[in-house]
Amino acid sequence: MSQDNRRLDYTLAGALAVLLLVPWYRVRGGFFSFDWPGELAGKHDLWPAMAQAVTGRWQIWPVLLLLALAAVQRLVRAPGAARGRALAVIGAAGLGWMMLEGMSIGLRGWNWGLLETLFGAAAGQPAFGAGALSLGLVFTLLIAFGLAERGALKGDAFVLGAISVLVLLVATFVFYPIVSMFTGAFQDFDGSFTTEGVTRNLIDPKIWSLSCLAGGYCGVAWRTFFLAVATATGTTVLGLAFALVATRTGFPFKKSLRLLTVLPIITPPFVVGLALTLMLGRAGVVTQWIETLTGFELGRWLYGLAGIWIAQMLSFTPISFLILIGVVDGISPSMEEASQTLRSDRWRTFRKVSLPLMAPGLANAFLIGFIESMADFGNPLVLGGSGGVLSTEIFFAVVGAQNDPARAAVLASILLIFTLSAFLAQRLWLAGRNFATVGGKGDGGRHALLPARVSGPVTCIVVVWGGFTVAVYALILFGGFVRIWGLDHSLTLEHYQRAFGIAFDGGVRWTGVAWNSFWTTMKIALLAAPLTAAVGLMTAWLIVRQHFPGRAAFEFALMMSFAIPGTVIGISYIMAFNLPPVQMTGSAAILIACFVFRNMPVGVRGGVAAMAQLDGSLDEASLTLGAGSGRTMRRVILPLMRPAILAALVYSFVRAITSISAVIFLVSAKYNMATAYIVGLVENGEYGIAIAYSSVLIVVMISIIGGFQLLVGERQMRRRENGMKEARA
């Protein structure tokens, strides 16, 4: 009971400090700049909640009253079910009131005319700041503490607090933006309800026309859908071919195939499209060579769906390979041996036994290819020409001359419906099916080699496509060292000097044009990476080790953010966080939040896999010896999950540097990320500097991943030498 009172005392004391000292509303320039204390006297909006309430902000009085009721509960009631119920109700009421009044009152007063009619005019209010957000966290903790005192989850306040905070964060940064996007489609410029924009865009033939089936114009929705299906099919087939060659043939360069899987992870997403332009574009090296030899003009065939498809195949095939190689290698050899024992030849064994058992991996690879194609922004921007896709159309609806938020919301909703439908269809198709082939017994068999009618074609496909991929990336590297691509191919370091020049005149000066965006990118990525890892691993621990009502729905809601394309994330963040109650656009905070909750599912899956290797008796022993869940997590679980933590850190750091589809909407003049800056260079025709910048990013990513592999590899070899040898074999 003393522990229940102690944590409640700390929470209420923190709430009191926030009410008296911390600005309730948003501080322009950022709370952590700490410029605001010197401006307190002259700016009413910088005052803390207590001063705001005393000087006329009536909407803060219910917050003060609820916190006072919580303090009364602490003073007059002992810990128990009755006090717990009261604290939970107070916390829920506090969160509910803050959301209600924050959504109802904007910068100019009431956000809806009905409220002004009912209650009269109201003074406007800025967006919530550090004080309001801190009190929102306090109310969330009151809910958790109240449930703990009522005995939920064996009274474990740490677990309940973690679940409550995660639910609040996911609701704020995943579901609230999506809901804002949908509601934004039905709002006019003055905030009033209207269906005109939605109706106009829903019946727009430029979106839905299917006349392309008869040789005419195809709407952007179906054009994007057909492209995604083609890309998913192609990458799945190529990924399977690479996986089969790497595991079921005697191909001598298997390690080189695995090196290709690193390339899409470390490559900015539009660089492949730029390289294809330099190779196959109107002034491309291959195009000019063919025209010189044949006299036939190829024209601008690359700029459209054909070019986007080739670029997406190059970008996403290695990801499909990463998914499928584990599936192909994980099939129990005894199943194939049993088929051959029953006098089936290798072709029939492959067709009737091996291939059907790969169904889950093929479904996952297809889903990833479909979603990645739908979300791809960089390649369509570079190669789309006049045939755009949903992601680029959304971008131009927001930042283009049309300035049509309703159209952007409708297009984003269509994109989201496509990806979520594929996500749900895949889950329903795999639900209830059992593809397990590996049991508790050891399996000493060897995988059957591919039949000749399969091994020959797939090896040819892999060699040709692998050579094409290497040529494209070699062109990326070479393009940074030529003076003017297509006109003057003399070698120069001018592009690197312009991008990353350094001067030494009384000190070091970063004179290159790319340094500002480079350092901004590194800082934001370094801030986002540990937060992504922490949220992901905490969520994984709750999913694997804790049993609570709604756990399956909780996991699905978290993983669903993976199925939301980055373009939709970007437009939804703009619509949600451009105005009160939470205003973050133009700040580093919105970029960090986007990276954390966009990449969180990968941290969750990595954490779940790592937690599955830790016996639950470790947790039980710690709890039996009197340690709480928080201490067990900190002293027992986290040290044993160090490789998973490092993996989550590196992945989230790399993804923060190479993301573009959401970032392009969220960058500002002050916080301009590397990928958005390179897109600007490409649009201005500065191909040399763009390639030089991209090459530097690729080298940085390779260095980070290489260092990570060395660090984690050494740890595993010291602990499990035999296991590492088996894994390498």
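Residues numbered from 1 in each chain as written. Predicted model: local features only at pLDDT ≥ 70, side-chain atom pairs only at ≥ 80, totals over all residues. Heavy atoms only, no water.

Caption draft 1: Highlighting the overall build of the protein chain. Looking only at helices and strands, the protein chain features 34 helices and 6 strands. Considering the protein chain as a whole, with its 729 residues, one finds that 51% of them fall into the buried category. When contacts within the protein chain are restricted to residue pairs at least 6 apart in sequence, those whose partners lie at least 24 apart make up 72%. Accessible area of the protein chain: about 34100 Å², with a carbon and sulfur share of 64%. (Helix = DSSP H or I, 4+ residues; strand = E, 2+ residues; numbered from the N terminus. Buried < 20%, exposed > 50% of the residue type's maximum accessible area, 1.4 Å probe, protein only. Contact = heavy atoms within 4.5 Å. Areas by Shrake-Rupley, 256 points an atom, 1.4 Å probe, with all protein chains shown as cover.)

Caption draft 2: Structural context of the pattern of salt bridges. All chains considered together, the criterion is met by 8 salt bridges. One salt bridge in this structure joins R7 and D4, with 2.4 Å as the shortest N-O distance. Remark: D4 and R7 occur in helix α1 (residues 2-21); sequence separation between them is 3 residues, near one turn of the helix. Taking the relative accessible area as the measure of exposure, R7 reaches 15% and is therefore buried. Taking the shortest distance from any N to any O, the salt bridge between R498 and E686 comes out at 3.7 Å. On the criterion of sequence distance, the pair formed by R498 in helix α23 (residues 494-500) and E686 in the loop between α32 (674-683) and α33 (687-719) is long-range, its members being 188 residues apart. The class for R498 is partly exposed, based on a relative accessible area of 38%. (Salt bridge = Lys/Arg side-chain N within 4 Å of Asp/Glu carboxyl O.)

Caption draft 3: Looking closely at the side chain of D376. By the element assignment, D376 lies in the loop between α18 (359-375) and α19 (378-383). We note that D376 is buried and unpaired, the nearest opposite charge coming from R655 at a distance of 9.7 Å. Engagement of the side chain of D376 in a polar contact is seen with the side chain of Q312, the distance being 3.2 Å. Aside from chain neighbours lying at most four places away, what touches D376 is Q312, F316 and S391. (Lys, Arg positive; Asp, Glu negative; His and termini not counted. Polar contact = N/O pair within 3.5 Å; in protein donor to acceptor, adjacent residues only side chain to side chain.)

Caption draft 4: Unusual backbone geometry, seen in detail. Looking along the chain, the bond that leaves P580 and enters P581 is cis, with omega of 15 degrees. Turning to its location among the elements, P581 is positioned in the loop between α26 (566-577) and α27 (588-612). Of note, the phi angle at L153 is positive, near 50 degrees, even though the residue is not glycine. Inspection of the secondary structure assignment puts L153 in the loop between α6 (130-149) and α7 (157-184). Phi is positive for K154, close to 60 degrees, though the residue is something other than glycine. Its location among the elements puts K154 in the loop between α6 and α7.

Caption draft 5: Representation of a positive patch on the surface within the structure. A cluster of basic residues, R348, R351, K352 and R453, forms a positive patch on the protein surface. At 3 residues, helix α17 (residues 346-357) tops the list of elements feeding residues into the positive patch. Mapped onto the fold, K352 is located in helix α17. Among the residues examined, K352 registers a relative accessible area of 48% and is labelled partly exposed. (Patch = residues over 30% accessible without salt bridge, like charges linked within 9 Å, V, L, I, M, F, W, Y side chains within 5 Å. Charge placed at Lys NZ, Arg CZ, Asp CG, Glu CD.)

Caption draft 6: Structural view of the packing of aromatic side chains. Scanning all chains against the criterion turns up 33 aromatic pairs. Three or more aromatic residues joined by ring pairs make a cluster, and in this case those are F500, W510, W515, F518, W519, Y677 and Y693. Sitting over the ring of F145, R7 keeps its end group 5.4 Å from the ring centre. (Phe/Tyr/Trp six-rings, centres within 6.5 Å; stacked < 30°, edge-to-face > 60°. Lys NZ or Arg CZ within 6 Å of the ring centre and 35° of its normal.)

Caption draft 7: Expanded view of empty space enclosed by the protein. Across all of its chains, the model carries 3 cavities of 30 Å³ or more by this definition. A volume near 70 Å³ is recorded for the largest cavity. F242, L260, T317, P318 and W465 are the residues nearest the centre of the largest cavity, which is lined by 10 residues in total. At 4 residues, the largest contribution of residues to the lining of the largest cavity is made by helix α15 (residues 305-330). (1 Å grid on protein atoms, 1.4 Å probe; cavity = no way out; pocket = protein on both sides within 12 Å on 5 of 7 lines; lining within 4 Å. Points joined across faces, edges and corners; volume = space filled by probe spheres on them.)

Caption draft 8: Highlighting the packing of helix α10 (residues 220-248) against helix α22 (residues 452-479). The N-to-C vectors of α10 and α22 enclose an angle of 110 degrees; their axes lie 9 Å apart at closest approach. Judged by the inter-axis angle, α10 sits roughly perpendicular to α22. Together, L238, A241, F242 and V245 of α10 and V458, T459, I461, V462, W465 and G466 of α22 make up the contact between the two elements. (Axes fitted to C-alpha atoms, helices over the stretch in contact; angles between N-to-C directions. Parallel < 35°, antiparallel > 145°, perpendicular 65-115°, else oblique.)

Caption draft 9: Geometry of the confidence of the model for the protein chain. When pLDDT is averaged along the protein chain, the result is 82, and 88% of the positions lie at 70 or above. Predicted confidence for residues 713-729 stays below pLDDT 50, and this span has 5 contacts to residues more than four positions away or in other chains. (pLDDT = per-residue confidence, 0-100.)

Caption draft 10: Molecular detail of α7. Across its 28 residues, α7 extends 38 Å between first and last C-alpha, which sits within 8% of the 40 Å expected from 1.5 Å per residue. Taken as a whole, α7 carries its principal kink of about 35 degrees at A171. The backbone nitrogen of F158 lies 3.2 Å from a side-chain oxygen of the residue at the head of α7, namely D156. (Expected span 1.5 Å × (residues − 1). Bend = angle between axes of the 7 residues up to and from the residue.)

Caption draft 11: Spatial organisation of the nonpolar core. Counting residues in hydrophobic clusters, the biggest one holds 164 residues, and the most contacted among them are L276, L542, Y573, F577 and Y693. Those residues in contact with F577, other than ones at most four positions away along the chain, are T172, F173, Y176, P177, V582, Q583, M584, T585 and I590. Core analysis: the next-biggest nonpolar cluster, separate from the first, contains 27 residues, L66, L67, I90 and A132 among them. (Core = buried A, V, L, I, M, F, W, Y, C linked by side-chain atoms within 4.5 Å.)

Caption draft 12: Focus on the layout of surface pockets. Roughly 1900 Å³ of volume is contained in the second largest pocket. What lines the second largest pocket is a set of 48 residues, among which L133, F173, V582, M584 and A589 lie closest to the centre. Looking at the lining of the second largest pocket, the elements with two or more residues in it are α4 (81-104), α6, α7, α24 (515-545) and α27. Among the elements that take part in the lining of the second largest pocket, α7 stands out by supplying 7 residues, more than any other. Along the lines of polarity and charge, the residues of the lining of the second largest pocket split into 34 nonpolar, 11 polar and 3 charged. (Nonpolar A, V, L, I, M, F, W, Y, C, P; charged D, E, K, R; others polar.)

Caption draft 13: Quick look at the side chain of T539. Locating T539 in the fold gives a position in helix α24. A relative accessible area of 0% means that T539 is categorised as buried.

Caption draft 14: Highlighting the packing of helix α13 (residues 271-280) against α22. With their axes 9 Å apart at the nearest point, α13 and α22 run at an angle of 90 degrees to one another. In terms of orientation, α13 lies roughly perpendicular with respect to α22. Touching V271, V272, A275, L276, L278 and M279 of α13 are F468, A471, V472, Y473, L475 and I476, all from α22. Of the residues that constitute the contact of α13 with α22, the class distribution is 12 nonpolar, no polar and no charged.

Caption draft 15: Representation of a nonpolar patch on the surface. On the surface, I502, F504, V508, W510 and W519 cluster together into a nonpolar patch covering about 550 Å² of accessible area. When contributions to the nonpolar patch are tallied by element, the ones reaching two or more residues are β5 (502-504) and β6 (508-510). Within the fold, W510 resides in strand β6.

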